[in-house]
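Structural description and commentary
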Amino acid sequence: MDTTVLRSAYERLLDAAAIPDLGDADDGGWNADQILAHLLSIDASIAAVALGVVAGSRPTFDNRISLDTWNLDRIITGHSGRADMIDHVRSQATVLCDIADQLNEEAASVAVPSLLLSNDALVLDQPVPLASLIDGLAENHVPVHTQQLLDLRVAVPGHV
């Protein structure tokens, strides 16, 4: 697999996460730390699925744990602050991309039973190729969370 697009998406996300004074979401959604914790959970899950496929097992992917507020709080508490979380996301994204770069066509095409929820709505409940799970991060997941982070910028009075 080629992870050039995914690596670029993570760089944009990490730049957004490093913006000082990110506030809370106007709609009551996740703050920056929760977004980063969610990404850490998702990335670890997809890396584990990819390694499982390479090992010959047939793992499943279920994103519900990455949406669980208790789990997100646990991940946040395990870090010393935003900079630590950003560093962890960077290193874990590198690991995920390095694993994906090494997948051959056969492994990338393995159908992974997948369950995806978003905002309490079912998005996907069917097998998808492992490559589609990984490409979905670059095409949708990481850019959506990058925009969420950018939307958390605190407006400074008198500045446009």
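Computed from a prediction, not measured in an experiment: that's the story for all the values here. (Residues numbered from 1 in each chain as written. Predicted model: local features only at pLDDT ≥ 70, side-chain atom pairs only at ≥ 80, totals over all residues. Heavy atoms only, no water.)

**Re the environment of L14**
Just so we agree on the cut-off: Secondary structure is summarised from DSSP: a helix means a run of H or I of at least four residues, a strand means a run of E of at least two, and numbering begins at the N terminus for each. Exposed residues in this analysis have more than 50% of their type's maximum accessible area, buried residues have under 20%, and partly exposed residues fall in between, with area computed by a 1.4 Å probe over protein chains only. Whether two residues are in contact is decided by their heavy atoms, any of which lying within 4.5 Å being enough.
Within the secondary structure, L14 sits in helix α1 (residues 4-17). When its relative accessible area of 2% is taken as the criterion, L14 is described as buried. Distance from L14 to G28, taken between C-alpha atoms, is 22 Å for residues 14 residues apart in sequence. Setting aside chain neighbours within four positions, we find L14 in contact with I86, V89 and R90.

**Some words on the pairing of strand β2 (residues 111-118)**
What counts is decided by this rule: Strands are labelled as partners when DSSP assigns at least two bridges between them.
Judged from the two bridges that link them, strand β1 (residues 61-62) and β2 form a sheet pairing that is parallel. Directly across from F61, in β2, lies its bridge partner S114. Bridge analysis of β2 against strand β3 (residues 121-129) gives eight bridges, and the strand direction is antiparallel. Bridging from a neighbouring strand, L115 pairs with D125 of β3. The hairpin formed by β2 and β3 contains two residues between the paired strands, and N119 there has a positive phi angle of roughly 50°.

**Structural notes on the packing of helix α2 (residues 32-55) against helix α3 (residues 69-77)**
In helix packing, the relevant descriptors are the interaxial angle and the interaxial distance, both defined with respect to the helix axes. Worth spelling out the cut-off: In this description, a line fitted to the C-alpha atoms serves as the axis of each element, helices being fitted only across the stretch in contact, and the angle between N-to-C directions of two axes falls anywhere from 0 to 180 degrees. An angle counts as roughly parallel when it lies under 35 degrees, as roughly antiparallel when it exceeds 145, as roughly perpendicular when it falls between 65 and 115, and as oblique in every other case. Residue polarity is assigned by list, with Asp, Glu, Lys and Arg as charged and Ala, Val, Leu, Ile, Met, Phe, Trp, Tyr, Cys and Pro as nonpolar; anything else, Gly included, falls into the polar class.
α3 packs onto α2 with a crossing angle of 100° between their chain directions and a minimal axis gap of 9 Å. As the angle between them shows, α2 and α3 are arranged roughly perpendicular. The residues of α3 that touch α2, namely those facing D33, Q34, A37, H38, L40 and S41, are N71, L72, I75 and I76. Of the residues belonging to the contact of α2 with α3, the class tally is five nonpolar, four polar and one charged.

**Observations concerning α1**
The test is simple: Here, expected helix span is obtained from the residue count minus one, scaled by 1.5 Å. Relevant arc is that of directions from the helix axis to the C-beta atoms, nothing else.
Taking 1.5 Å of rise per residue, 14 residues should cover 20 Å, and α1 covers 20 Å from first to last C-alpha, within 8% of that figure. Taken together, the buried positions of α1 are occupied by L6, A9, Y10, L13, L14, A16 and A17. Buried residues of α1, viewed axially, fall in a sector of 155°; they line one side. Turned more than 90 degrees off the buried face of α1, the exposed positions are V5 and D15. Residues of α1 that are buried sit in contact with α2, α4 (82-101) and α6 (130-151).

**Examining the confidence of the model for the protein**
Stated precisely, the cut-off is as follows: Every residue carries a pLDDT, the predictor's confidence in it, which falls somewhere between 0 and 100.
Mean pLDDT over the protein works out to 94, with 96% of the residues at or above the 70 mark. Between residues 156-160, whose pLDDT stays under 50, and residues either more than four places distant or in other chains, the model counts zero contacts.

**Focus: the packing of α2 against α6**
For the pair α2 and α6, the least separation of the axes is 12 Å and the interaxial angle reads 175°. Here α6 runs roughly antiparallel to α2, going by the angle between their axes. Between α2 and α6, the contacting residues are A32, I35, H38, L39, I42, D43, I46, V49, A50 and V53 on the first element and L130, L133, I134, L137, H141, H145, Q148 and L149 on the second. Considering only residue class, the contact of α2 with α6 consists of 13 nonpolar, four polar and one charged.

**Section: unusual backbone geometry**
Located in the positive-phi region is D21, a residue other than glycine, with phi close to 60°. Turning to its location among the elements, D21 is positioned in the loop between α1 and α2. Overall, D21 belongs to the exposed group, its relative accessible area being 62%. Of note, the phi angle at N119 is positive, near 50°, even though the residue is not glycine. Note that N119 resides in the loop between β2 and β3. Accessibility expressed as a relative area gives 75% for N119, which makes it exposed.

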